[in-house]
Amino acid sequence: MEAVNGKQVGHLFDNISSFFRQCIFSVLSVGPVPSHIAFIMDGNRRYSKKQNLLDGDGHKAGFSALINMLKYCYELGVKYITVYAFSIDNFRRRPEEVESLMKLMQEKIDELIKEESIANHLGIRIYFQGNLKLLSDPVRSAAERAMVKTAGHSKAVLSVCVAYTSTDEIVHAVQESCEEKWDEIRKRDANNAGGNLIGLEENGKDKDDHLIGVTNVDRHMYMAVVPDPDIIIRTSGESRLSNFLLWQSANCLLYSPTALWPEIGLRHLVWVVLDFQRNYLYLKEKKKQA
């Protein structure tokens, strides 16, 4: 009987919380709503120490915070969410810690694609962005399964940056741009050798046609599948980007709440959206000038 009453109280609390959020989001929706919010999920280990938890429990609490934030963003109407889950630099940590994090990551990826998961319930498509070949085989396979299984979802997009740094992303994009440009030049030379001897200048082309431009690099970025973020939120009070979305963040709003990542909640999201709305016209003008 007590268990039944406990469930009823839990359902009642969830319903009240959901109604409360709907009221807040209805008010926020009167103004502009950000299309893309990115999160640097900082403070899981510090949360573990603060709460005297076992190793790894802070990251588990962080995963619960991520699920809640996904739900809040979806309810507000944010189409794109990106999270910085694991930096390439994190591979420098103690081998046993990296192995433990990889196992936890595989477990949480599998949870994300279960039939009753939030991704399936809300129709969220999942991308894993980064140098995925650096991941262990089980984690990489789990990430690939998640991308395939959610490929048909279109209501929202979650990009998970793993084995990622912005410098690696930029180098990767430049390399692919160079390879693409060399392929174009080789094909053109082959056509010319085959009898099409019209010069570049005669074709309305110039020497700049051989150069790599911003649009070439931008097209080959890992994050090219989503628009640039409107807001980047880094928890734990840190204001550094830590090699995250450096290419994409020139005109976005930065927010650094003192809360550790597992402590992030609805109030932090509401505050940053209000700040975004207050600065919207200025941010819009800066993007036009970019």
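Residues numbered from 1 in each chain as written. Predicted model: local features only at pLDDT ≥ 70, side-chain atom pairs only at ≥ 80, totals over all residues. Heavy atoms only, no water.

Asks: Explain empty space enclosed by the protein residue by residue, including any values.
Replies: As enumerated under the stated definition, the model contains 1 cavity of 30 Å³ or more in all. Ile40, Ile232, Arg234, Glu238, Ser239, Arg240, Leu241, Leu254, Tyr255 and Ser256 together form the lining of the largest cavity. Classifying every residue of the lining of the largest cavity gives 5 nonpolar, 2 polar and 3 charged. (1 Å grid on protein atoms, 1.4 Å probe; cavity = no way out; pocket = protein on both sides within 12 Å on 5 of 7 lines; lining within 4 Å. Points joined across faces, edges and corners; volume = space filled by probe spheres on them. Nonpolar A, V, L, I, M, F, W, Y, C, P; charged D, E, K, R; others polar.)

Asks: Any chance you could break down the sheet that holds strand S1 (residues 36-40) for me, citing the residues and the numbers?
Replies: Through backbone hydrogen bonds, the strands of a sheet pair up, either in parallel or in antiparallel fashion. Spatial strand order, S3-S4-S2-S1-S5-S6: 6 strands in an open sheet with parallel pairing. Because the sheet does not close on itself, it has two edges, and the strands there are strand S3 (124-129) and strand S6 (253-255). Each adjacent strand pair in this sheet contributes to an overall mean axis angle of 20°, direction not counted. Contacts from helix H4 (residues 95-112) reach strand S2 (80-87), S3 and strand S4 (156-164), with the element oriented near 155° to S2. (Pairing = 2+ DSSP bridges. Helix = DSSP H or I, 4+ residues; strand = E, 2+ residues; numbered from the N terminus. Axes fitted to C-alpha atoms, helices over the stretch in contact; angles between N-to-C directions. Contact = heavy atoms within 4.5 Å.)

Asks: I'd like a description of the environment of arginine 125, backed by residues and values.
Replies: You can see arginine 125 is positioned in strand S3. A sequence separation of 28 residues divides arginine 125 from histidine 153, and the C-alpha atoms of the two residues are 4.9 Å apart. Among all residues touching arginine 125, those that are not within four sequence positions of it are Thr150, Ala151, His153, Ala156, Val157 and Leu158.

Asks: Explain the packing of aromatic side chains to me, and be specific about the residues and the numbers.
Replies: For any pair of aromatic rings, the description consists of the separation of the ring centres together with the inter-plane angle of the planes. Tallied over the full model, the rule gives 7 aromatic pairs. When the ring of tyrosine 84 is compared with that of phenylalanine 244, the centres are 4.5 Å apart and the planes differ by 10°; the resulting orientation is stacked. With tyrosine 84 in strand S2 and phenylalanine 244 in the loop between strand S5 (231-234) and S6, this pair connects stretches of sequence that are 160 residues apart. Through successive ring pairs, a cluster of aromatic residues spans Tyr84, Tyr164, Tyr222 and Phe244. (Phe/Tyr/Trp six-rings, centres within 6.5 Å; stacked < 30°, edge-to-face > 60°.)

Asks: Tell me about the domain arrangement of the protein, and please be specific about residues and values.
Replies: Partitioning the protein into structural domains gives domain 1 (32-164 + 228-289) and domain 2 (166-194 + 201-221). Taking only C-alpha atoms into account, the centre of domain 1 sits 33 Å from that of domain 2. Each partner contributes to the interface: domain 1 provides 9 residues, whereas domain 2 provides 9 residues. Summing both partners gives a buried area of about 730 Å² for domain 1 against domain 2, and 54% of it is carried by carbon and sulfur. (Domains from an automatic or database assignment. Buried area = accessible area lost by both parts, 1.4 Å probe.)

Asks: Talk me through the nonpolar core; I want residue IDs and the actual numbers.
Replies: Core analysis: the biggest nonpolar cluster contains 54 residues, and Phe39 and Phe128 have the highest contact counts within it. Of the residues forming this core, the biggest block, 8 residues, is contributed by helix H3 (residues 57-76). Among residues more than four places away in sequence, those in contact with phenylalanine 39 are Met69, Cys73, Ile81, Thr82, Val83, Tyr84, Ile233, Phe244, Trp261 and Ile264. Ile40, Tyr164, Tyr222 and Cys252 belong to the second-largest nonpolar core, a separate cluster that totals 15 residues. (Core = buried A, V, L, I, M, F, W, Y, C linked by side-chain atoms within 4.5 Å. Buried < 20%, exposed > 50% of the residue type's maximum accessible area, 1.4 Å probe, protein only.)

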